[in-house]
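The primary structure of each chain is shown beneath.
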Amino acid sequence: MPHAVYAHGAAEAAAPSWTFDLWIVAPLISFGLMYGIGRLILATKGRKRIWQDVVCAAGWLTLAAALVSPLHWLGERLLSFHMIEHEILMAVAAPLLVIARPVGPLLWGLPRRLRLTTGRTMRHPLSTKLWAVLGAGRNATLLHGIAIWAWHAPALFDAAVENILLHRLQHLSFFLTAILFWWSVFRRSDTGSAAWHVFVTMLHTSILGALMALAPHLLYRQQADAAAAWGLTPLEDQQLAGIIMWVPAGTIYAGAALALIALWIRRAGQHKERADALHAL
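Cut-off values and rules
Residues numbered from 1 in each chain as written. Predicted model: local features only at pLDDT ≥ 70, side-chain atom pairs only at ≥ 80, totals over all residues. Heavy atoms only, no water. Helix = DSSP H or I, 4+ residues; strand = E, 2+ residues; numbered from the N terminus. Buried < 20%, exposed > 50% of the residue type's maximum accessible area, 1.4 Å probe, protein only. Contact = heavy atoms within 4.5 Å. Areas by Shrake-Rupley, 256 points an atom, 1.4 Å probe, with all protein chains shown as cover. Core = buried A, V, L, I, M, F, W, Y, C linked by side-chain atoms within 4.5 Å. Axes fitted to C-alpha atoms, helices over the stretch in contact; angles between N-to-C directions. Nonpolar A, V, L, I, M, F, W, Y, C, P; charged D, E, K, R; others polar. Phe/Tyr/Trp six-rings, centres within 6.5 Å; stacked < 30°, edge-to-face > 60°. Lys NZ or Arg CZ within 6 Å of the ring centre and 35° of its normal. Expected span 1.5 Å × (residues − 1). Arc of directions from axis to C-beta.

(A) Broad picture of the overall build of the chain. In terms of helices and strands, the chain carries 14 helices and 0 strands. Start at the N end of the chain and walk to the C end: the helices and strands fall as α-α-α-α-α-α-α-α-α-α-α-α-α-α. The buried share of the chain, reckoned over its 281 residues, is 43%. Put simply, 77% of the contacts in the chain that link residues at least 6 apart link residues at least 24 apart. Surface exposure of the chain reaches about 14,900 Å², of which carbon and sulfur atoms provide 72%.

This is the structure:
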């Protein structure tokens, strides 16, 4: 069986298995409990948001699937599955959670004193100013792009493979910058600018995927031993990972960009109709 290549500290298993890492499971359970408690409290106040609850549950489940299910076990051994894990974090779970807007229920899931303290901290001028700067469309897109390209640099990627703390930091930076990026797309930018930022992200991630898929030599040395045990050459595993970033992930970003463009055109048409009607009067 393949060697345990990735730095998760997991013991070797004979077959794909679930991963119960306390550093992963505890935040997931805490999020679920806080959200559930908060929603129950808000429901008693007559605040119902069923569709957002469904979207939040979908985001939470995809996040858990990426980090706890056998997909994570496979991602520890094959770069291609590792890439699937990353794309689920950035292009599926993150936008779903942003659309669901879970902050309100999460705050109501906290004890009263902690909830008030957290609320005051979030409303502090320094916090709001920092969030406004980081959440600006250009800044969020740039930070997310830097995180993606930096962690896929061969030297840093191999270091993250060998060091469990770096590996956790890699996943965390992917997810948090993705949250920031999608929040700027859905909550901060106007529709036309949001479409442009998604398109730029699709473009540069597709270029990175193409570079991995078309590279004539192995970029990540830590991948050599594991791939052979799964009937792949290390280069084939790397090429497959690049194609996953290039095509399926690129399709998600392209679909989001097209939907935003269509919404932008529709809204522009509605504004023109209003202007024409007013002019006619």
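(B) Looking closely at unusual backbone geometry. A positive phi angle is found at arginine 101, which is not glycine, with a value near 50 degrees. Topologically, arginine 101 is positioned in the loop between helix H4 (79-100) and helix H5 (103-108).

(C) Representation of the nonpolar core. Counting residues in each nonpolar core, the largest one holds 50 residues, and the members touching the most others are Leu63, Trp182, Val185, Val198 and Tyr253. Per-element tally for this core: the top contributor is H4, with 11 residues. With residues near it in sequence (within four places) discarded, valine 198 still touches Phe181, Trp182, Val185, Tyr253, Ala256, Ala257 and Leu260.

(D) Looking closely at the packing of helix H9 (residues 154-162) against helix H10 (residues 164-188). For the pair H9 and H10, interaxial distance at closest approach is 5 Å and the crossing angle is 120 degrees. Note on element contacts: H10 touches H9 through Ile164, Leu166, His167 and Gln170, opposite Phe157, Ala159, Ala160, Val161 and Glu162. Of the residues that constitute the contact of H9 with H10, the class distribution is 6 nonpolar, 2 polar and 1 charged.

(E) Inspection of the environment of glycine 242 at higher detail. Mapped onto the elements, glycine 242 comes out in helix H13 (residues 234-246). Judged by relative accessible area, glycine 242 falls into the buried class, the value being 0%. It is 9.3 Å that separates the C-alpha atoms of glycine 242 and alanine 215, two residues lying 27 residues apart in sequence. Those residues in contact with glycine 242 that sit more than four places away from it in its chain are Gly209, Met212 and Ala213.

(F) Molecular detail of the packing of aromatic side chains. Taken as a whole, this structure holds 7 aromatic pairs when the rule is applied. If you follow arginine 77 out to its NZ or CZ, it ends over the ring of tryptophan 73, 3.8 Å from the centre. Taking NZ or CZ as reference, arginine 115 lies 4.3 Å from the ring centre of tryptophan 108, over its face.

(G) A look at helix H8 (residues 137-151). Between the first and last C-alpha of H8 there are 22 Å, a value that for 15 residues agrees with the 21 Å anticipated at 1.5 Å per step. Buried residues of H8: Gly137, Ala140, Thr141, His144, Gly145, Ala147, Ile148 and Trp151, and no others. Take H8 and look down its axis: the buried residues cluster within an arc of 155 degrees, on one side only. Exposed and facing more than 90 degrees away from the buried side of H8 are Arg138 and Leu142.

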